[in-house]
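# Residue-level structural notes
Listed below, chain by chain, are the residues.
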Amino acid sequence: MMSNFQRRIAADELRLGILKHLASLDMAFDQDIDGQRVVESLRSKSVWLDCDTGHDDALAILIAARSPDLRLLGISTVYGNAPLEKTTYNTRAVLQAIGRTDVPVYPGASGPLEREACFAPGIHGETGLDGTTCLPKPTVEAKTDMSAIDAMYRALSAQPAGTAWLVAVGTLTNVAKLFDKYPDLAEHISGLSVMGGCIGEGFTDAPLGTIQAGDGAQDRCGNWTPFAEFNIYCDPEAAQQIFSNPTLSRKATLIPLDLTHQFLATNRVQLGLLFGFDMQMHTEPTMNDVSAVRRLFFEILTFFAKTYAEMFGLTAGPPTHDPLAVAVALRPELFYCNGRGSADGLQNERFTIDIITEGEHGPAVENGRTASQCGRTVANGLVAGTDGVRIPRGLDSKALWALLEGCLSRTERSMGEDAMFERRDTGGALPSQHAVDTGSEDMASLVHGSNVTLSQFEMSTGLLPDIAAIDKEPGYGGHFLETNKEKQLGITPRNLNLTRAQQSRADEDEDEGKRTKRSRGL
Ligand code: BDR
Ligand code: CA
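Structural notes, computed from the coordinates.

Analysis parameters
Along each chain, residue indices are assigned from 1 in the same order as the chain's sequence is written. The order in which chains are written sets their letters, starting at A; the order in which ligands are written sets their numbers, starting at 1. Local features in a predicted model are, by the rule used here, given only for residues with pLDDT of at least 70; side-chain atom pairs are given and counted only at 80 or more, and totals for whole chains, interfaces and linings are based on all residues. In computing side-chain properties, one takes all heavy atoms of the structure into account and sets aside hydrogens as well as water. What makes a residue near a molecule or strand is one non-hydrogen atom of that residue sitting within 4 Å of it. Here a polar contact is taken to be a pair of N or O atoms separated by no more than 3.5 Å, where protein atoms must pair a possible hydrogen donor with a possible acceptor and residues adjacent in sequence count only if both atoms sit in side chains. Each accessible area value is a Shrake-Rupley result obtained with a 1.4 Å probe; residue values ignore everything except the protein chains displayed when judging cover. Think of it this way: any DSSP run of H or I at least four residues long counts as a helix, any run of E at least two long counts as a strand, and we number them from the N terminus. Asp, Glu, Lys and Arg are counted as charged, while Ala, Val, Leu, Ile, Met, Phe, Trp, Tyr, Cys and Pro are counted as nonpolar; the rest, among them Gly, fall into the polar class. What a helix is expected to span follows from its residue count: subtract one and scale by 1.5 Å. Throughout, exposure labels follow a simple rule: accessible area from a 1.4 Å probe, protein chains only, divided by the maximum for the residue type, with under 20% read as buried, over 50% as exposed, and the rest as partly exposed. Here, two residues are considered to be in contact whenever any of their heavy atoms come within 4.5 Å of each other. Nitrogen, oxygen and sulfur within 2.8 Å of a metal are treated as its donors, or within 3.2 Å for sodium, potassium and calcium (Na, K, Ca); water is not counted, so a site can appear incomplete. Here, nonpolar core means buried Ala, Val, Leu, Ile, Met, Phe, Trp, Tyr and Cys residues that are tied together by side-chain atoms lying within 4.5 Å of each other. The domain limits used here are those given by an automatic or database domain assignment. Here a salt bridge means any side-chain nitrogen of Lys or Arg lying within 4 Å of a carboxyl oxygen belonging to Asp or Glu.

Around ligand 1, the surrounding shell holds 13 residues, and the nearest of these are D56, N81, N223, E229 and D322. Here D56 contributes a side-chain N or O atom positioned 2.7 Å from an oxygen atom of ligand 1. Contact with the protein chains hides 97% of the accessible area of ligand 1, taken as 280 Å² for the molecule alone. Elements with a minimum of two residues in the shell around ligand 1: α3 (55-66) and α9 (230-234). For the shell around ligand 1, a count of residues per class yields four nonpolar, five polar and four charged.

Taking 1.5 Å of rise per residue, 14 residues should cover 20 Å, and helix α4 (residues 84-97) covers 20 Å from first to last C-alpha, within 8% of that figure. With respect to burial, α4 is a largely interior element, 11 of its 14 residues being buried. Against β1 (45-51), α3, β2 (70-77), β3 (105-107), α14 (292-312) and α17 (397-415) lie the buried residues of α4. Downstream of α4 by one or two residues, G99 has phi in the positive range, about 70°.

Here the focus is the coordination of the calcium ion (ligand 2). Only D52 (OD), D57 (OD), D57 (OD), V169 (O) and D322 (OD) from the protein coordinate the calcium ion (ligand 2), and they sit 2.3 to 2.8 Å from it. Donor residues for the calcium ion (ligand 2) sit on one chain with the sequence pattern D-x4-D-x111-V-x152-D. Taken as a pair, V169 in the loop between β4 (164-168) and α7 (173-181) and D322 in the loop between α14 and α15 (323-330) lie far apart in primary sequence, 153 residues in all. For the pair V169 and D322, one class covers both residues: buried.

This paragraph deals with the nonpolar core. Formed by 62 residues in total, the largest nonpolar core has its most connected members in L49, F297, F335 and L400. The element contributing the most residues to this core is α3, with eight residues. For this core, the two domains that each supply at least three residues are domain 2 (45-263 + 319-401) and domain 3 (274-296 + 419-519). Apart from the residues within four sequence positions on either side, F297 is in contact with A58, L59, L62, V94, I98 and L408. M152, A186, I189 and I391 belong to the second-largest nonpolar core, a separate cluster that totals 39 residues.

Tallying each qualifying case throughout the model produces 11 salt bridges. The salt bridge involving D102 is made with R100; its shortest N-O contact spans 2.9 Å. In this structure, E349 engages R393 in a salt bridge whose closest nitrogen and oxygen atoms are separated by 2.8 Å. One end of the pair, E349, is in the loop between α16 (345-348) and β10 (351-355); the other, R393, is in the loop between β11 (377-381) and β12 (394-395), and 44 residues separate them in sequence. The residues E349 and R393 share a single accessibility class, namely buried. Salt bridges here are not isolated pairs; linked through shared partners, they connect R294, E405 and E412.

What follows is the structure, encoded as structure tokens:
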């Protein structure tokens, strides 16, 4: 006679066997299948990512390719942060670094629908992904058996209706062409998530940086012109086509700068991704303990931190835009509009989006030297119950950074020794443009000294945590380095470099009532 316990085990084994059989039919599963993973995978959402791989796009790829709940169907590339050839190379290299060379990469548009292409070397460097020494050479070519538009259509339309997501984190040219050629696809997909635009006018209280105007610095809303965000600015006609499509509008979620500037890769976040957020001080790891894949993302963020500090005066850490557009498809409950944590937060508010397409456009008016409003995103709130675009106003930074860190751990586990790939250069020297005035230079160069211990690293970089401030830090309120190390070493904690707006937001976070009030009303 079987005991209850034996019966339960037998039933579990049978269920697991069935799940494994189903999983074996799905080529997208990882090799390290176990019961848990199979169950997760069966629940997974499928996603196509369209990107112009620069620094934050790399993190979007990481989360799309290494989240157990997502099946990444493929990636299309677009010009933007750099010319198409470079963004395609960077995409293939990042996939190589994280062990997902099985994901097909299709090169898409090399320029906008009607205008001259813009690039962003000031933010992302000439390669589009400058400042890294750990990026491997890609071994798998980009696909050319069909166009990117046809590949997107085939992959998305092959999913059951209402299940697949399209996530766009670059200029919107590919996406506009896709729905122009295949209008029925809009009805078929589950959602469209777009990183782009900026709303301004107090939509959130995130600091958006300043712009030099006359004798002083003035607040700005856009990051490419005072009014326009880069992805939308590059191809405003493409963006307008998408947001004026009623079917797409009601399925679209917009992740504007007003939201992404709340998700800062502070120094502490950078270290957390390097060593793991839950690392305890007594473990005293050396840089030898850090895998190349972690170093890669650490260098990506330190370079991004440098350019954001230089260009926008944002010294608390770079806003990490693109992974949020993937995360909102994967974990919508980590985003909210009217009050933190409300399960239906994103369902409360809907907007129409109009893109201004008139006015001067092009290299002469870029980087703030213009009064032109071309590329501006105009959001108007809709009456409750009307379909329209979702625009989150807040997010759970801590959970989102933990999600990204989890993707790094998963990458390491899945790649094993391969996660320790060789650095691209041999000397470990950083490119000269990597000089940083926010501590990142020391951080990055120390990472290259493999026998440096964490304490030495912290002492040299002044990164000892101010324990009292940890929970107030807007980018990551976690418990990284929990012990009172600065007392132990007798070193004063470093100034966290928070802007006044960030500090006041951090203070308000203690008060749920105030937060709710702050996030209401356009
Ligand atoms: C957007 O512009 C690009 O530089 C980034 O990758 C991001 O997609 C932010 O404005
Ligand atoms: Ca991008």
